[in-house]
Amino acid sequence: MAEILPFSDSAPQSFIHYRLPVGILQCNCSIIGDPITREAIVVDPGDEVGRILDLVGRHKLIVKAIVSTHAHIDHVGGLAKLHQYTGAPVLMHRDDLALYQAMEMQAAFLGVPAPEIAAVDMLLKEGDSLRWGNFEAQVIHTPGHTPGSVCLYIPADAGHVTVPKPQLWAGDTLFAGSIGRTDLWGGSMDDILQSLKTKLMELPDDTVVHPGHGSNTTIGEERYSNPFLIAP
Ligand SMILES: [Zn+2]
Ligand SMILES: [Zn+2]
């Protein structure tokens, strides 16, 4: 089900955000749009591209970029198809390219057919800014779940569009009450804890976190209750 965050309706210029859990692993795909220019980005189109395109079309959005938080199959399965339909560039971090190229192996591991591989049009790195419509999101490189995991951060009141609270798309780095697994290829518990402590925990407590699976949380909630993050 597409889900509209409550603040989407609260102000005339508030931002558009749809979250669709897609595919067998229910990866949260996000569509983040500017209500004025209609420009949008799609984060983690893991599967069910038809549903994503349906929402994009219904709300007359123009997809400017397709962003992958990391190259696990459940987050990247729809990249090629969405690129074919929208022409929008595909973006991911260089350190996950090897994992992306190993799609046959990832598919075999899950016992599913391998999705088509897209050409990666632009490589993301720490400190990059993504601009679309009146938005600007910062790229935060958070290795640990995979070497090339990234998060996207939009500060409050970014640009001319009302963003009442800071927003973080966290991929599989941070979940409500948990963190991403590190036992798969390229994973590292030391790295993910370092990413969380030195980068994500530096964000304001009221930052709304959109994880790659499951429900939303906030940085403050996780800082004080996540068993991986509270001090012993
Ligand atoms: Zn993952
Ligand atoms: Zn995932």
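None of these values were measured; they are calculated from a predicted model.

Criteria and thresholds
Residues numbered from 1 in each chain as written. Chains lettered and ligands numbered in written order. Predicted model: local features only at pLDDT ≥ 70, side-chain atom pairs only at ≥ 80, totals over all residues. Heavy atoms only, no water. Helix = DSSP H or I, 4+ residues; strand = E, 2+ residues; numbered from the N terminus. Buried < 20%, exposed > 50% of the residue type's maximum accessible area, 1.4 Å probe, protein only. Donors = N, O, S within 2.8 Å, 3.2 Å for Na, K, Ca; no water. Tetrahedral: all angles 85-135°; square planar, octahedral: opposite > 155°, others 65-115°. Pairing = 2+ DSSP bridges. Disulfide = S-S within 2.5 Å. Axes fitted to C-alpha atoms, helices over the stretch in contact; angles between N-to-C directions. Left-handed = near helix turned anticlockwise from the far one by under 90°. Contact = heavy atoms within 4.5 Å. Nonpolar A, V, L, I, M, F, W, Y, C, P; charged D, E, K, R; others polar. Arc of directions from axis to C-beta. Polar contact = N/O pair within 3.5 Å; in protein donor to acceptor, adjacent residues only side chain to side chain.

Attention now goes to the environment of Ser225. Relative to the elements of secondary structure, Ser225 occurs in helix 7 (residues 219–225). Exposure remark for Ser225: the relative accessible area of 38% places this residue in the partly exposed category. For the pair Ser225 and Ser178, spaced 47 residues apart in sequence, the C-alpha to C-alpha distance is 9.6 Å.

Ideal values differ by geometry: the angle at a metal is 109.5 degrees with four tetrahedral donors, but 90 or 180 degrees with six octahedral donors. In the first shell of the zinc ion (ligand 1), the protein supplies His70 (NE2), His72 (ND1), His145 (NE2) and Asp172 (OD), at 2.1 to 2.4 Å from the metal. Between the four donor atoms coordinating the zinc ion (ligand 1), the angles at the centre fall across 88 to 167°, so the site counts as irregular. Mapped onto the polypeptide sequence, the residues donating to the zinc ion (ligand 1) form the spacing pattern H-x1-H-x72-H-x26-D.

Every protein donor of the zinc ion (ligand 2) is listed here as Asp74 (OD), His75 (NE2), Asp172 (OD) and His213 (NE2), and their distances to the metal cover 2.0 to 2.4 Å. Given four donor atoms and angles of 86 to 159° at the metal, the environment of the zinc ion (ligand 2) is assigned as irregular. Written as a sequence motif, the donor arrangement for the zinc ion (ligand 2) is D-H-x96-D-x40-H. A spacing of 3.4 Å is found between the zinc ion (ligand 2) and the zinc ion (ligand 1), which share Asp172 as a donor. In this pair, Asp74 is assigned in helix 2 (residues 73–76) and His213 in the loop between strand 14 (208–211) and strand 15 (217–218), connecting sequence segments 139 residues apart. Asp74 sits in the buried class, given a relative accessible area of 12%.

What follows deals with the sheet that holds strand 9 (residues 135–141). Strand order in the open sheet formed by six strands is 8-9-10-11-14-15, with mixed pairing between adjacent strands. Pairing within the sheet leaves two strands with one partner each, and these edge strands are strand 8 (129–132) and strand 15. Relative to strand 11 (residues 167–171), strand 10 (residues 150–154) runs antiparallel, the two being bridged by three bridges. Within strand 11, the position partnered with Leu152 by the bridge is Trp169.

Here, the word disulfide means a covalent bond between the sulfur atoms of two cysteines. Counted under the stated rule, the structure contains zero disulfides. Unpaired in terms of disulfides, Cys27 finds its nearest cysteine sulfur in Cys29, a separation of 6.8 Å. Relative accessible area serves as the criterion here: at 0%, Cys27 is assigned to the buried category. Free of any disulfide, Cys151 has its nearest cysteine sulfur in Cys27, 13 Å distant. We classify Cys151 as buried; its relative accessible area is 0%.

A few words on the packing of helix 1 (residues 49–58) against helix 3 (residues 79–86). Contact geometry of helix 1 with helix 3 gives a least axis separation of 10 Å together with a crossing angle of 35°. Helix 3 is crossed by helix 1, and the crossing has right-handed handedness. Residues Val49, Ile52 and Leu53 of helix 1 pack against Lys81, Leu82, Tyr85 and Thr86 of helix 3. A per-class count over the contact of helix 1 with helix 3 returns five nonpolar, one polar and one charged.

Our next topic: helix 6 (residues 189–198). Turning to helix 6, its buried residues are Ile192, Ser195 and Leu196. Looking straight down helix 6, one finds that the buried residues subtend no more than 95° of arc, so they occupy a single side. Packing partners of the buried residues in helix 6 comprise strand 12 (174–175) and strand 13 (178–179).

Our focus in this paragraph is the side chain of Ser68. Note that Ser68 resides in the loop between strand 5 (62–67) and helix 2. Of note is the side chain of Ser68, whose polar atom sits 2.9 Å from the backbone oxygen of His70. Beyond its immediate sequence surroundings of up to four residues, Ser68 is in contact with Asp44, Val76, Leu79, Leu91, Met92 and Val150.

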